[in-house]
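Here are the chains, one letter per residue:
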Amino acid sequence: MSKWWLKYIGLAMVFASGSVMAGKPVFELVIRDHLFYPAELVVPAGKKIKLLISNEDDTPEEFESYELNREKVILGGRKTVIFIGPLKPGIYPFFGEFNMKTAQGKVIAK
Amino acid sequence: MLLDIIIIVLRETLEASILISVLLSVSKRQGVRFTWVPASLLAGLVGAVVYAISLGEISEWFDYAGQEVVNAGLQFTVYLLVVALIPVQWLGLARSKHVLRNLMSVIVFVALIREGAEIFVFYSGFLQKEGVLLKALTSGFVGGAVGLSVGAIVYYSLAMMRQSRVKLFHGAVLLLVAAGMVLQATQLLIQIDWLSSGAPLWDSSWFIGEASVIGQMAYAIFGYEATPSLLELCAYSLSVVGIVSVAALVIKFEKTVTPFEEYIK
């Protein structure tokens, strides 16, 4: 049985990953001791941004932001990717839902 | 912290609780015995544990998009099953009881996987911290109990309705929950850049903030979004139109077959 369609899936994935790689600025965020580092992330306005979040705690955290419309669980010791924007200039708070008291931060779009 | 936990668990429980209550009500009206319920609840919980355990690995699929892809897949599945459920429950044909029971079992199973997994992951964070776990479980129990109570209210409100009206209410609640799921799933696909994002069409957070308790409950029940983009609005409208047109077709079909059914009586 020939798997000719696999080639197309492979090709599509290459294109998809290519489009992701194509010039979207990457910003990193670290979760440590239930705190976000940096707590204030300055990003360019009007651009889609790739957010790379690493959870260095050994407990899970949920990155959440009502203003950014984002919500994602990040297990302990893992990292993840979220895309945000394009954003209008402004302040967009985010928090760790599982440790809301300490895990607070904001994205500042300029 | 206590209130936070109550709200987290309540939020996860509420949607499933309302969905299951409506299905129980459908089951009762259609004369399908509740024997399907325990098995699908159990299967859903097992599924949730399996999903929670594999979440770390799944999250890394598709260049860290696995979690969104699986969650969105589960939500779209529930939507499609609800669309399929409407003709089956409205027409209420004798032979459809079997189909109805199976459909409802799968809906409960799929819905519980996602909601349950999040609760399990949340609690896994407390396992290392002794002493806190008990407190967290107690608060979680309160949240869960409130969620189940809302479900019970929905169930008994539906039970008190007249037969002629209840069908419409079943459809309406299912529509709200299912369209909300499509909206959330769309948002997940935007978050991983599989769908393009746009500027928000409006901002209704001055009216109902998403962070407020009402906002969170509205989010859990029908996917309330204070700043939706055009794509999200389209996805929501399409899913509403989908259910409404299936329902309209069923009503039309029902009218044409009723005389025949009366004839054979």
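Summary of the structure given here. (Residues numbered from 1 in each chain as written. Chains lettered and ligands numbered in written order. Predicted model: local features only at pLDDT ≥ 70, side-chain atom pairs only at ≥ 80, totals over all residues. Heavy atoms only, no water.)

Turning our eyes to something else, we now look at the overall build of chain B. Counting secondary structure elements, chain B contains nine helices and zero strands. The linear arrangement of helices and strands in chain B, starting from the amino end, is α-α-α-α-α-α-α-α-α. Whereas a compact globule of 265 residues would reach a radius of gyration of roughly 18 Å, chain B reaches 20 Å, a difference of no more than 12%. Dimensions of chain B, computed from the C-alpha atoms along their principal axes, are close to 70 × 40 × 35 Å. Counting across all 265 residues of chain B, residues that qualify as buried make up 49%. Long-range pairs, those at least 24 residues apart, make up 78% of the contacts in chain B with a sequence separation of at least 6. Within the structure as shown, chain B displays about 13,000 Å² of accessible surface, and the carbon and sulfur contribution to it stands at 73%. Taking the average place of the 16 positive charges on the side chains of chain B and the average place of its 18 negative ones, the gap between the two points comes to 21 Å. (Helix = DSSP H or I, 4+ residues; strand = E, 2+ residues; numbered from the N terminus. Rg over C-alpha atoms; globule rule 2.2 N^0.38 Å. Buried < 20%, exposed > 50% of the residue type's maximum accessible area, 1.4 Å probe, protein only. Contact = heavy atoms within 4.5 Å. Areas by Shrake-Rupley, 256 points an atom, 1.4 Å probe, with all protein chains shown as cover. Lys, Arg positive; Asp, Glu negative; His and termini not counted. Charge placed at Lys NZ, Arg CZ, Asp CG, Glu CD.)

When helices and strands are tallied, chain A shows one helix and nine strands. Listing the helices and strands of chain A from first to last along the sequence gives α-β-β-β-β-β-β-β-β-β. Here chain A, with 110 residues, has 47% of them falling under the buried criterion. Sequence separation of 24 or more characterises 56% of the internal contacts of chain A that already satisfy a separation of 6 or more. If you sum the accessible surface of chain A, you get close to 5,800 Å²; carbon and sulfur atoms cover 63% of it.

Let us look at the sheet that holds strand β5 (residues 61-65) of chain A. Residues and elements named next belong to chain A. The strand order across the open sheet built from five strands is β3-β9-β8-β5-β6, with neighbouring strands paired in mixed fashion. The open sheet has two free edges, formed respectively by β3 (40-43) and β6 (70-74), since each of these has just one partner strand. Between one strand axis and the next, the sheet turns through 20° on average, direction left out of account. The pairing of β3 with strand β9 (residues 104-109) spans four bridges and is classified as parallel. The partner of E40 across the bridge, within β9, is K106. (Pairing = 2+ DSSP bridges. Axes fitted to C-alpha atoms, helices over the stretch in contact; angles between N-to-C directions.)

Residue and element names in this part refer to chain B. Volume-wise, the largest pocket comes out at about 670 Å³. If you trace the largest pocket, you find 23 residues lining it, with T13, L45, L112, I119 and L148 closest to the centre. Within the residue set of the lining of the largest pocket, elements represented by two or more residues are α1 (2-29), α2 (36-59), α5 (96-124) and α6 (132-159). Residue classes in the lining of the largest pocket are distributed as 15 nonpolar, six polar and two charged. (1 Å grid on protein atoms, 1.4 Å probe; cavity = no way out; pocket = protein on both sides within 12 Å on 5 of 7 lines; lining within 4 Å. Points joined across faces, edges and corners; volume = space filled by probe spheres on them. Nonpolar A, V, L, I, M, F, W, Y, C, P; charged D, E, K, R; others polar.)

Listed as buried for helix α8 (residues 213-222) of chain B are G215, Q216, M217, A218, Y219 and A220 of chain B. At its buried positions, α8 of chain B is contacted by β6 of chain A together with α1 and α7 (163-191) of chain B. G223 of chain B occupies a position one or two residues after α8 of chain B and carries a positive phi of about 70°.

Let us now look at the pairing of strand β4 (residues 49-55) of chain A. Residue and element names in this part refer to chain A. Counting buried positions along β4 yields seven of seven residues, so the element is predominantly enclosed. Across six bridges, strand β1 (residues 26-32) lies against β4 in parallel orientation. In the sheet register, E28 faces β4, and the bridge partner there is L52. Here β4 pairs with strand β7 (residues 79-84) via six bridges, running antiparallel. Along β7, the bridge assignment pairs S54 with K79.

This part takes up α1 of chain B. Residue and element names in this part refer to chain B. Between its first and last C-alpha atoms α1 spans 39 Å; for 28 residues at 1.5 Å apiece the expected length is 40 Å, and the two agree. Taken as a whole, α1 carries its principal kink of about 30° at T13. G31, located one to two residues past α1, shows a positive phi value of around 70°. (Expected span 1.5 Å × (residues − 1). Bend = angle between axes of the 7 residues up to and from the residue.)

Structural measurements only, silent on function.
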